[in-house]
Amino acid sequence: MTTDPNPDSGTTIGETEPTRERERTGNALVNRMENLSEAAYAYLLLLPAFALLALVAFYPLLRTFVTSLRADETRGMDPLGGFVGLENYVDIATGNARLARQFLDVSLTSSFPFVELGVPFFQQALFVTVAFAVVSVTVETVIGFGQAYVLDQDFRGRRWVRVAIILPWAVPIVIQGMIFFLIFQPEVGFGTDLMQWLGVFGAAPLANSRDAFVIILVADIWKSSAFMALLILAGLQSVDRSLYDVARVAGATPWQRFKLITLPLVMPALLVAMLFRTMDAMRVFGLIESTAGCTTVPSLTCLVVEAMFGGTRIYATAAAVAFATALVIGVIISLYVVLFRDAEGGEVR
């Protein structure tokens, strides 16, 4: 190829202007990336993941919100009516939505303490869901921490103990629900007679909201404590063992070693485990439906499923309940993020 007679030009005669422009653009882009801070470079690498998240999560959420702003249309080919703004949210909050009347017939004879006639059912379902999440996650955290603390020790047969603890987590939710359904099914399982003899449950616990709620809580704790134990165990095994040796030499008691070393260093893993379990508990549906049914122990997800597939075609109302549920979960996630930031900064509260 013939070279340019001007040696300072750095180009050849055969090169075209678009080629040189692409080279200059590429060099400028590389230089710009090299000058990025570590945080900016990390965000750049996460950009594809953010794009995928926006596609599979945020776009459906946006579509759900748009759908919730329209009216229900139970006749005709189009399942959605005209634009009504926040009217669907007002209806589900005040008890005027049709989904509330579907379930209130059941709550007339319910012994569930916080299901009362005249209270908007969305608030009842919200209370059921939040109560389930708070109680289950709290108990599972305590049990999971204890299991992880045991598994973190060196003892003979630890491998088999790990298998025994993790085994419930491998059971599918439907199978888990059927196990507890059969245990507390009158004249089939032993649970009903035993609890009735102890004076805890009635003759048909799965048909009673209070008793069924307790059964579902026990079933969830039995399964999900293993998940908490696994994540907490990962945090425990990341703690530097030499810290405990130094603490022993300094005369620290076991409680002081736990309070000043174990808990602060495990707190980030503990909060992550609690975050995952809280999100899962707020979306509970399969365990309820396969054990006692949504009409006995309704949750927010039960409302969405019933509104979507209950034969009433109230799709806009279902979208409003779904989006409201997502907002509640979003608020909870934000609280966890604040706690996680404090734990990462050494301020465990």
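Residues numbered from 1 in each chain as written. Predicted model: local features only at pLDDT ≥ 70, side-chain atom pairs only at ≥ 80, totals over all residues. Heavy atoms only, no water.

J.: Please give an account of the nonpolar core that cites residues and values.
T.: Most often, soluble globular proteins keep nonpolar side chains buried together rather than apart. One finds F132, F184, F213, I216, I232, I288 and V297 to be the most contacted residues of the largest nonpolar core, which totals 48 residues. Counting residues per element, the ones that place at least two in this core are α5 (121-151), α9 (209-237), α10 (242-249), α11 (254-282), α12 (286-291) and α14 (315-344). Per element, the largest residue contribution to this core is 12 residues, and it comes from α9. If near-sequence neighbours (up to four positions away) are discounted, I232 is found in contact with T141, G144, F145, A148, V266 and L270. One finds Y89, A125, A320 and V321 within the second-largest nonpolar core, a separate group that totals 10 residues. (Core = buried A, V, L, I, M, F, W, Y, C linked by side-chain atoms within 4.5 Å. Buried < 20%, exposed > 50% of the residue type's maximum accessible area, 1.4 Å probe, protein only. Helix = DSSP H or I, 4+ residues; strand = E, 2+ residues; numbered from the N terminus. Contact = heavy atoms within 4.5 Å.)

J.: Mind laying out the state of the cysteines, listing which residues take part and the relevant values?
T.: The tally for this structure, following the rule as stated, stands at 1 disulfide. One disulfide in the model links C294 with C302; its S-S distance is 2.1 Å. One disulfide, between C294 and C302, carries an S-S torsion of -60° and so falls in the left-handed class. According to the relative accessible area criterion, C294 is buried, its value standing at 8%. Since its relative accessible area comes to 1%, C302 is described here as buried. (Disulfide = S-S within 2.5 Å.)

J.: Describe the packing of aromatic side chains, and please don't skip the residues or the numbers.
T.: As enumerated under the stated definition, the model contains 8 aromatic pairs in all. Seen in terms of ring centroids, F180 and W222 are 5.8 Å apart; in terms of plane orientation they differ by 65°. Their pairing is edge-to-face. Taken together, the residues span a long stretch of sequence, with F180 in helix α7 (residues 173-183) and W222 in helix α9 at a distance of 42 residues. (Phe/Tyr/Trp six-rings, centres within 6.5 Å; stacked < 30°, edge-to-face > 60°.)

J.: A description of the pattern of salt bridges should follow, citing residues and the corresponding values.
T.: Counting across every chain of the model gives 7 salt bridges. Where R277 meets D280, a salt bridge forms, and the shortest distance between an N and an O atom there is 2.8 Å. Remark: D280 and R277 occur in helix α11; sequence separation between them is 3 residues, near one turn of the helix. A residue is classified by how much of its surface remains accessible, and R277, at 1% relative accessible area, is buried. The exposure class assigned to D280 is partly exposed, which follows from its relative accessible area of 34%. Ionic contacts of the salt-bridge type, sharing partners, join the residues E140, D220, R277, D280 and R283 into one network. (Salt bridge = Lys/Arg side-chain N within 4 Å of Asp/Glu carboxyl O.)

J.: Residues and numbers for the environment of T129, please.
T.: Of note, T129 is situated in helix α5. The sequence separation of T129 and L300 amounts to 171 residues, and the corresponding C-alpha distance is 6.5 Å. Dropping the residues within four chain positions of it, T129 is found in contact with A281, M282, S299 and L300.

J.: Tell me about empty space enclosed by the protein, residues and numbers included.
T.: Per the counting criterion, the structure on display carries 2 cavities of 30 Å³ or more. Of the volumes computed, that of the second largest cavity is approximately 40 Å³. As for the second largest cavity, its lining consists of V128, T129, F132, F213, I216, V284, I288, V297 and S299. Looking at the lining of the second largest cavity, the elements that each hand over two or more residues are α5 and α9. Take the lining of the second largest cavity: its biggest share by element is 3 residues, from α5. Of the residues assigned to the lining of the second largest cavity, the class counts are 7 nonpolar, 2 polar and no charged. (1 Å grid on protein atoms, 1.4 Å probe; cavity = no way out; pocket = protein on both sides within 12 Å on 5 of 7 lines; lining within 4 Å. Points joined across faces, edges and corners; volume = space filled by probe spheres on them. Nonpolar A, V, L, I, M, F, W, Y, C, P; charged D, E, K, R; others polar.)

J.: Account for the side chain of E140, naming residues and giving values.
T.: With respect to the helices and strands, E140 occurs in helix α5. When neighbours within four sequence positions are excluded, E140 is seen to be in contact with D220, I221, S224, S225, M228 and R277.

J.: I'd like a description of the packing of α9 against α11, backed by residues and values.
T.: For the pair α9 and α11, interaxial distance at closest approach is 9 Å and the crossing angle is 140°. In this view, α9 runs oblique relative to α11, as classed from their interaxial angle. Seen along the crossing, α9 lies across α11 with a hand that is right-handed. Residue-level contacts link D220, S224, F227, M228, L231, I232, G235 and L236 of α9 to T262, V266, A269, L270, A273, M274, F276 and R277 of α11. (Axes fitted to C-alpha atoms, helices over the stretch in contact; angles between N-to-C directions. Parallel < 35°, antiparallel > 145°, perpendicular 65-115°, else oblique. Left-handed = near helix turned anticlockwise from the far one by under 90°.)

J.: Describe in detail the layout of surface pockets, supporting the description with residues and values.
T.: Its volume calculated, the second largest pocket comes out at about 290 Å³. As for the second largest pocket, its lining consists of L53, A57, F58, P60, L61, T64, A322, F323, A326 and G330. If you list the elements that add at least two residues to the lining of the second largest pocket, you get α2 (38-68) and α14. A total of 6 residues in the lining of the second largest pocket trace back to one element, the largest contributor, which is α2. When its residues are assigned to classes, the lining of the second largest pocket shows 8 nonpolar, 2 polar and no charged.

J.: Tell me about the confidence of the model for the protein chain, and name the residues and values.
T.: For the protein chain, per-residue confidence averages 79 on the pLDDT scale, and residues scoring 70 or more make up 81% of the total. In the model, residues 100-118 has pLDDT below 50 throughout and makes 30 contacts with residues more than four positions away in sequence or in other chains. (pLDDT = per-residue confidence, 0-100.)

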